[in-house]
Each structure stands twice: as C-alpha cells, then as structure tokens.
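Geometric and topological summary
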Amino acid sequence: MSAHPMSKVSVATVWLDGCSGCHMSFLDMDERLIELVSSIEIVYSPIVDTKQFPERVDLTLVEGSVSSEDDLEKIKLIREHTRVLVALGDCAVTGNVPSMRNPFGPEKVLRHVYLRHAPSEIVPRLLPKVLPVHQVVAVDAFLPGCPPPADVIYFALTELLAGRVPDLSSSTRFGK
Amino acid sequence: MSQRVTIDPVTRIEGHARITVQLDEAGRVEDAHFHVTQVRGFEKFCEGRPFTEMPSLMARICGICPVSHLVASSKACDALLAVRIPPTAVALRRIINLAQVMQSHALSFFYLSAPDLLLGMDADPARRNIFGMLAEHPELARDGIRLRSIGQQIIEMLGGKRIHPAWVVPGGVSEPLTEEKRERMLAMLPEARDITLRALAWFKGVLSRYEQEIASFANFPSLFMALVNDANELEHYDGSWRIVTSDGSVVAERLDPLRYQTFIEEQVENWTYLKSPYYKPLGRQEGMYRVGPLARLLVSERCGTPEADSEREEFFATYGEARTSSFFYHYARLIEILYASERMQMLLRDPDILSPRVRAHAEPNQLEGIGVAEAPRGTLIHHYTIDEHGLIRSANLIIATGHNNLAMNRGVLQVAQHFIKDAHITDGMLNRLEAVIRAFDPCLSCSTHALGEMPLHLQVFDAGGAVVDERVR
C-alpha cells in the first residue's frame, strides 16, 4: 500500500460493539504515534471529529463485533468505502465477549436489565445474534488478541503500509 | 416548524452516543438529550459461570478502566471467600488503581478534551484532535502521550499487560512486587509529577478564556458523592461514602457501601440504554448527584498529599462558589493525577510493599459479596450472589458514568439553551454540546448495566414526569 509521494495513507479506526481496549492498545503505541502520523492520516476515528465516514479510505481498523442495527449499517458502509479492512482484536475476529449473549438472545438480556421497559426510541435495535465482522463483510486481515498488544498493532500497520500482509502467527494469539 | 438537531456520533468520548436538541418554531431550545446507544448485558451472560472468572470477565466491560473493574470485582469475590486479604495486597491494589487514574485522566484531558481547550471550541474540526495538537503544540501533546504511557507502564509492570491484566484476583494479587520493578516505578513518577504541574500551569493560564463554558457546562446545584477515608481525605480503594451539596454542607456521611441499595434508586428512560441513579431519600429531582474527580475534590476535606493539597486550596480560593461547574472536572482531573503520583510514591516506599504474602486462599464461605472502589470516573459497585458450588446466580453493576447521567442530560440542555438562540447553528455550538459531555469523561462501554435480580426499586417515568411503572424487588 505505498502512498502517492505527496499524500499520506488514509486510515480509519472504528469501534463497533467492544470495550475500547483495542483502541487503547492502538494509543499504547505512545511516541510511535508521532512517527506514524508522518506517513498516515487518521481521517475517521472516535478520537477525531469527523462525523461521516469518508468516501475513500485506504485502511480501516475495526474493533468490536456486529451487535446492533447501527453496527450492521456502519460496517457495510465502511466496507464499501475501504480498500483494506482489518478486524482488530478478538471481538471483531470471533465475536468474543459480546457474543456471550447469543445463547440468551437480545430480548432476555434487555428484559433482565430494563424489566419490561427496554429503551426503544433513538437507540438502535439489537441484532438476534452478535456476529464477528467477517460473517457480515469481507475482511482482509485479522489481528487477534484481547487486546492485540501495541507492538503487534505497530508491526501490522508498518507491514501493511509497506504493501505486505503481516504474518502474525508468532506475535499474537486469542485472548493474549 | 419545530426541528430536531442530532449529533451522531458524539466524538472524542469513550463510547457510543448521540445528542439530540429539540427546537421550537422560533428556533429556541425546548429540550436536549444525551442518548447512549450500546448495551451488552454482562449481568445476564455471567449467570452460571464460576465466580473466579468474574474479575477477568468483568474487566472486559471497559478497555479504558479495566483495572477498576478488576479491583471492584475482586473485592466482591474477597467477600464471597470471606477473607481479609494481606495488607501488602491491599497496597498493591491501591497502586495499580492509582496508575489507572493517572492514565485514564491523561487520556481524557490530553487526547480527548485538550484539543478544545488548546485549539479552541470553534477551531477547524479537521484539526481539532490530538494530531492537530501535535502539529501546533507538540510539547503539550508529547507530555500527554508520555503521562498516559507512564500510568500504563506501571499497570504493565504490576499486572503483566497494559490492558486487561489478570493480576488482581480473589484473595489479593497473584504475584508479589520485585525490588527491581519498584525502583523502575519510583524512577518514573517524578516525571509524571513534572508533566502534571506543567499542564496545571498551562490550564490555569487559559481558564479566563472559558468564562461562558464555566457558566454553562452543567453548572447548577446538585449533590456530590464519593468515597472518603476516616480523615475525610481522598480515597479510591476503601472508606465510606460522603454526600455533600453544592455549598459544601454534608447531607450524609459514613454511608456503608455495602448498603448501597438503601439509598440509591434507578430510573429508566425510553430514549437511552443508560439508566439514571439518584439519591433515594431526596427523590429524583433533588436527589441528582455527580461523581468522579470533581465530586471527590468537593466531597473530601483535603487530598492527603502535600502538592495536590496546595493545588486544591488554590482552586477553591480562586473559584469559590463557581467551583461546582462541571467544566472544572478537567481541573480536578489534573489535581488528582498529581495526587496519584504522590500517593503511589508513598505506597512504593513502604518496605512492606515487597512482602511475599499477597494472597489469601479460601473456598467460598458466603453466598453474597459486594465490592466498591472509586474508578477514574467515580464510584463503582459490583454485587454478586453465588450458589453452593460457587456459580454466579446474579450480578449487579452500578457504574461510575451512570451516576452522572441526570447531570449530563441537564448539562446538555443548559449548554444548548446558553449557546443556541435561534435556528442558526454553528459547528462551534455543536462542539460545545459534545464538550460538556467530554468534561464528565463518560465511559459508555462501562455504563450500560443494571440491576439484575436484586432487591432494588425501579421507576419508569413518562415524558411529563409521571410514574408509569414501578417495581420493587
């Protein structure tokens, strides 16, 4: 994914149904973030103020599983406008903790939490099953871990930026 | 024609939310709401699982403050074991909890809110972020990155990893501290202190630009609630609750956290997944309370460490009655980071901190356990019941951010009414609606949880405020 000499590689980070731990691990790259932003531009992310997903994004990191109607709509839109889509962390890769609700279904969960008065205005409806990202759209690379360590995210990013598919078999695993 | 303005998503906050503002035909603000749009249902899917899984599972509620959940959950499990954990384990848990306060507050202040404070509420939205700060004020942005990193590195040295460490366990912690790690931590903390003092000096210098925001960012009378120790100083791990009013008078103190159900009640709104607790004896209007760093400063009589206390005194002397504006959550956060750096050094210098006795082993001896701690965003409660085999029968979580829900909603309305005068709405106005939420630093992945099969009183209100349903369990 070599960039045009004058333009930076556009990167988005998206948080679906997860705990934000993968985003925190992204920030755990610490000072390496400063080095990275010389070659990438974060065009859409919870930490910047863009409200609309941009028309064309080179690389999108997706944290979290697909759990609500909002998530579903969002991930389809993102796929359509992204060249390389990475499932970041175990919730995106397998469904992980959010999918623990699947044996019960959303009604039981909502009834348990809100009795008969589950919120229904403005808030998105929950899907019957929580799904990993690849069951909804095509995923180009998988980065397991709960969360994937910052070093692994950095390695994967630099490999992808160099146009290679990162080999993560020895550097991270589920639950790590 | 009346219209609704929607901000979706709210950015530079930790979680999924929308803000809606309802305007009347003349473009005046009628109402405004903060909607939380995520719910996962931890209380349901932990049922039937071994209680020993709870600290690690519950930590997955939140990637920003997993340590707080580890601590509160492990304390609830200590109660199930019916053990008193070794004093060194308590001190080590205190240190990891304070390291988390440091990194979480650094995230909130530098990564999420400083772009508004440094570049301006009306700055170009494309640059109004940490990367824009790096370009224009690299020293301050680098300070923020470094400060958060120091907190995270201390968590990693103690817990083995930065996010979702498994080191805090029922009965204590899994491994003692080594001399080498203690020295490395002690070597880092003075830098954290220096960064915090620089940030405080800068922040105090720019506060005069934010008179309008101080006046309107959830600036109204309410109660404040936090844990304090026996000397009424800041307390993040143990202690009892104290509740004060905006003018500082004490409403209640020495409240036993284990009896939380007798004084906290929750309401459900149809338009948000986040419930709204309030202080039961005063009802849901008068009983609205705020928690978190500002509440902790206002509820306690002093911090209990010298440099933080001198900053606290200066803050109180400078802002007097205005100190209860929620804009000052930012200020309180910086003072609390300073406190955390001082307190961690005190704890690490105690020779007993290297004791190898850090865990009490037992089988479950009680079927019900409650664990309470101060998370970065406020008081956190984990409450479990188990069966004879140690399997979870029920879990109830009351999460820091939930306590602030009523005040956040009132705050959004106050900002909307203050800045929106007609249907002409600018980006800067919308950004201020988000910025009042950022001041509270809500953690929404954490917050959408609730009672479970607990004897709590739940009330549901219609738009006019009338009770349409009520349950007591």
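Keep in mind that what you see is a predicted model, and the values were worked out from it rather than measured.

**Some details on the overall build of chain B**
A tally of helices and strands in chain B yields 16 helices and 16 strands. Oriented by its inertia axes, the alpha-carbon framework of chain B measures out at about 65 × 55 × 40 Å. By residue count, 57% of the 473 residues in chain B fall in the buried class. Of the contacts formed within chain B by residues at least 6 apart in sequence, a portion of 71% connects residues at least 24 apart.

**A word on the overall build of chain A**
Along chain A, the regular secondary structure elements total six helices and seven strands. Reading chain A from its N terminus to its C terminus gives the helix and strand order β-α-α-β-β-β-α-β-α-α-β-β-α. Radius of gyration (C-alpha) of chain A: 17 Å, near the 16 Å computed for a compact globule of 176 residues. When the backbone C-alpha atoms are referred to their principal axes, chain A occupies close to 55 × 35 × 30 Å.

**A look at the nonpolar core**
Ranked by internal contacts, the top residues of the largest apolar core, which has 198 residues, are Val62 of chain A together with Phe224, Met225, Val412 and Ala416 of chain B. Considering every element that reaches this core, the biggest residue donor is helix H4 (residues 87–119) of chain B, with 16 residues. Those residues in contact with Ala416 of chain B that sit more than four places away from it in its chain are Val21, Val29, Ala32 and Leu433 of chain B.

**Observations concerning the sheet that holds strand E2 (residues 17–23) of chain B**
All names here are of chain B. Strand order in this open sheet of three strands is E1-E2-E3, and the pairing throughout is antiparallel. Bordering the open sheet on either side are strand E1 (3–7) and strand E3 (29–36), each of which pairs with just one other strand. Pairs of neighbouring strands in the sheet enclose a mean axial angle of 15°, with direction left out of account. Bridging between E1 and E2 involves five bridges; their strand directions are antiparallel. Each bridged residue has a counterpart across the sheet, and for Thr6 the counterpart in E2 is Thr20. Contacting E2 and E3, helix H14 (residues 405–419) crosses the sheet at an angle of about 140° to E3.

**Let's talk about the confidence of the model for chain B**
All names here are of chain B. The predicted model of chain B has a mean per-residue pLDDT of 91, with 94% of residues at 70 or higher. Contacts for the low-pLDDT stretch residues 450–460, under 50 throughout, to residues beyond four places or in other chains number 40 contacts. Low pLDDT (under 50) marks residues 468–473, which in the prediction has 13 contacts with non-local residues, meaning those over four places away or in another chain. Both scores are given for the predicted complex: the pTM is 0.93, the ipTM 0.92.

**Quick word on the pairing of strand E5 (residues 82–88) of chain A**
Residues and elements named next belong to chain A. Extensive coverage of E5 is indicated by the burial of five of its seven residues. Two strands pair when backbone bridges link them, and strand E3 (residues 57–63) and E5 are joined in this way by six bridges, in the parallel orientation. Paired with Glu63 across the strands is Leu88, a residue of E5. Inspection of the sheet shows E5 paired to strand E7 (residues 141–143) by three bridges, in the parallel sense. When the bridges of E7 are listed, Leu88 appears paired with Leu143.

**Brief notes about the sheet that holds strand E13 (residues 378–386) of chain B**
Residue and element names in this part refer to chain B. Pairing is antiparallel in the open sheet, where three strands are placed in the order E12-E13-E14. What marks the edges here is a single partner per strand, and that holds for strand E12 (368–375) and strand E14 (392–398). The mean angle between the axes of side-by-side strands here comes to 15°, regardless of whether they run parallel or antiparallel. Of the pairings in the sheet, the one linking E13 to E14 comprises six bridges and is antiparallel in character.

**A short note on the interface of chain A and chain B**
If you look at the interface, chain A gives 42 residues, while chain B gives 47 residues. At six residues, the largest contribution of residues to the side of chain A that touches chain B is made by helix H1 (residues 21–27) of chain A. For the side of chain A that touches chain B, the per-class residue count stands at 25 nonpolar, seven polar and 10 charged.

**Topic: helix H3 (residues 66–81) of chain B**
Across its 16 residues, H3 of chain B extends 22 Å between first and last C-alpha, which sits within 8% of the 22 Å expected from 1.5 Å per residue. Among the 16 residues that make up H3 of chain B, 16 are buried, leaving the element largely enclosed by the rest of the structure.

Cut-off values and rules
Residues numbered from 1 in each chain as written. Chains lettered and ligands numbered in written order. Predicted model: local features only at pLDDT ≥ 70, side-chain atom pairs only at ≥ 80, totals over all residues. Helix = DSSP H or I, 4+ residues; strand = E, 2+ residues; numbered from the N terminus. Buried ≥ 20, exposed ≤ 12 C-beta atoms within 10 Å, placed from the backbone. Contact = placed C-beta atoms within 7 Å. Rg over C-alpha atoms; globule rule 2.2 N^0.38 Å. Core = buried A, V, L, I, M, F, W, Y, C linked by C-beta atoms within 7 Å. Pairing = 2+ DSSP bridges. Axes fitted to C-alpha atoms, helices over the stretch in contact; angles between N-to-C directions. pLDDT = per-residue confidence, 0-100. Nonpolar A, V, L, I, M, F, W, Y, C, P; charged D, E, K, R; others polar. Expected span 1.5 Å × (residues − 1).

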